[in-house]
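The chain contents come next:
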Amino acid sequence: KVKIIRAKGLRKADTFGKSDPIATITLPGMGGEYKTKVIEKNLNPEWNEETSFAVSTDDPNEDGLPKIHVLVEDHDSVTGKDYLGECDVDWRTCLKKPVTCLINEAFKLEKQGSYKKDNITGDVHLQVAFIPEGNNSSVSWPSA
């Protein structure tokens, strides 16, 4: 399970000094993606949204599993989306724990790939819980 709490300190992408952030969370190669709602005119959006990904962990070598990828963009229905940054979250250390594992931290947004914008600012706060198959625990998210 992945819970995206908030982003802080995003760069201004709109003409009037704000952004309309939306975040996309994926687990590359494992299928599925989750898009948050758009938070209009905000450089510090609060999402508090949760999603789940099914993960096949047949291979005990966690290096073969993908990291969680978060892409943050400025939603603009007229000119298209503007890039605000992205990050990868390594949750794979949780595979070594026999019970529910929880990551609760902010990750710095970075420029990845060939995007033209160099002024990437801010971070995104995520909580990630890995619940092994057969463990029927529910996630008790800490306050962020």
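Since the structure is predicted, the reported quantities are computational estimates derived from the model, not experimental observations.

Asks: How do you make sense of the packing of aromatic side chains when you look at a structure like this?
Replies: Each aromatic ring pair is described using two quantities: the centre-to-centre distance and the angle formed by the ring planes. A complete count under the given rule lists 1 aromatic pair for this structure. Between Trp 91 and Phe 130, the ring centres sit 5.6 Å apart and the planes meet at 35°, which makes this aromatic pair tilted. Of the two residues, Trp 91 sits in the loop between β6 (82-89) and β7 (101-108) while Phe 130 sits in strand β8 (residues 123-130), which places them 39 residues apart along the sequence.

Asks: How should the environment of Gly 31 be read in this particular structure?
Replies: Along the polypeptide, Gly 31 turns up in the loop between β2 (21-26) and β3 (33-35). Of the residues examined, Gly 31 reaches a relative accessible area of 44% and is grouped as partly exposed. Placed 23 residues apart in sequence, Gly 31 and Ala 54 show a C-alpha to C-alpha distance of 8.5 Å.

Asks: Sorry, what's going on with the pattern of salt bridges here?
Replies: Side-chain pairs of opposite charge can arise where the charged atoms are in close proximity. Enumeration over the complete set of coordinates arrives at 5 salt bridges. A salt bridge links Glu 46 to Arg 6; its shortest N-O distance comes to 3.2 Å. A residue pair is termed long-range when its members are at least 10 positions apart, and Glu 46 in strand β4 (residues 46-51) and Arg 6 in strand β1 (residues 2-8) qualify at 40 residues. A residue is classified by how much of its surface remains accessible, and Glu 46, at 41% relative accessible area, is partly exposed.

Asks: I tried to follow the layout of surface pockets on my own but got confused; where do I start?
Replies: To find the voids left in a structure, one rolls a probe of water-molecule size over its atoms. By volume, the second largest pocket is sized at about 270 Å³. Along the wall of the second largest pocket there are 15 residues; nearest its centre are Asp 14, Asp 20, Lys 41, His 75 and Asp 76. Across the lining of the second largest pocket, the residue classes tally to 3 nonpolar, 4 polar and 8 charged.

Asks: Could you clarify how one ought to interpret the sheet that holds β1 in this entry?
Replies: Adjacent strands of a sheet form backbone hydrogen bonds with each other and so pair up, either parallel or antiparallel. The sheet built from 4 strands is open, its strands ordered β4-β1-β8-β7 with antiparallel pairing. Pairing within the sheet leaves two strands with one partner each, and these edge strands are β4 and β7. Within this sheet the neighbouring strands show an average axis-to-axis angle of 15°, counted without direction. Note: β1 against β8, 6 bridges, orientation antiparallel. Counted as the bridge partner of Lys 8 is Asp 123 from β8.

Asks: What am I meant to see in the pairing of strand β5 (residues 68-74) here?
Replies: Look at any regular strand and the pattern is simple: side chains alternate between the two faces of the sheet. Counting buried positions over the 7 residues of β5 gives 7, a clear majority of the element. Neither face of β5 is exposed, since Ile 68, Val 70, Val 72 and Asp 74 on one face and His 69, Leu 71 and Glu 73 on the opposite face are all buried. Examined bridge by bridge, β2 and β5 share 6 bridges and lie antiparallel to one another. Residue pairing in the sheet places Ile 22 in a bridge with Glu 73 of β5. Relative to β6, β5 runs antiparallel, the two being bridged by 7 bridges. By the bridge assignment for β6, Leu 71 is matched with Glu 86.

Asks: What is the right way to look at unusual backbone geometry in this model?
Replies: Trans is the prevailing form of peptide bonds, just as negative phi is the prevailing case for residues other than glycine. Phi is positive for Lys 41, which is not a glycine, with a value near 50°. By secondary structure assignment, the location of Lys 41 is in the loop between β3 and β4. A residue is classified by how much of its surface remains accessible, and Lys 41, at 60% relative accessible area, is exposed. Of note in this structure, Asn 48 is not a glycine but carries a positive phi near 50°. For Asn 48, the position within the fold is in strand β4. Judged by relative accessible area, which is 46%, Asn 48 ranks as partly exposed.

Rules of the game
- Residues numbered from 1 in each chain as written.
- Predicted model: local features only at pLDDT ≥ 70, side-chain atom pairs only at ≥ 80, totals over all residues.
- Heavy atoms only, no water.
- Phe/Tyr/Trp six-rings, centres within 6.5 Å; stacked < 30°, edge-to-face > 60°.
- Helix = DSSP H or I, 4+ residues; strand = E, 2+ residues; numbered from the N terminus.
- Buried < 20%, exposed > 50% of the residue type's maximum accessible area, 1.4 Å probe, protein only.
- Salt bridge = Lys/Arg side-chain N within 4 Å of Asp/Glu carboxyl O.
- 1 Å grid on protein atoms, 1.4 Å probe; cavity = no way out; pocket = protein on both sides within 12 Å on 5 of 7 lines; lining within 4 Å.
- Points joined across faces, edges and corners; volume = space filled by probe spheres on them.
- Nonpolar A, V, L, I, M, F, W, Y, C, P; charged D, E, K, R; others polar.
- Pairing = 2+ DSSP bridges.
- Axes fitted to C-alpha atoms, helices over the stretch in contact; angles between N-to-C directions.

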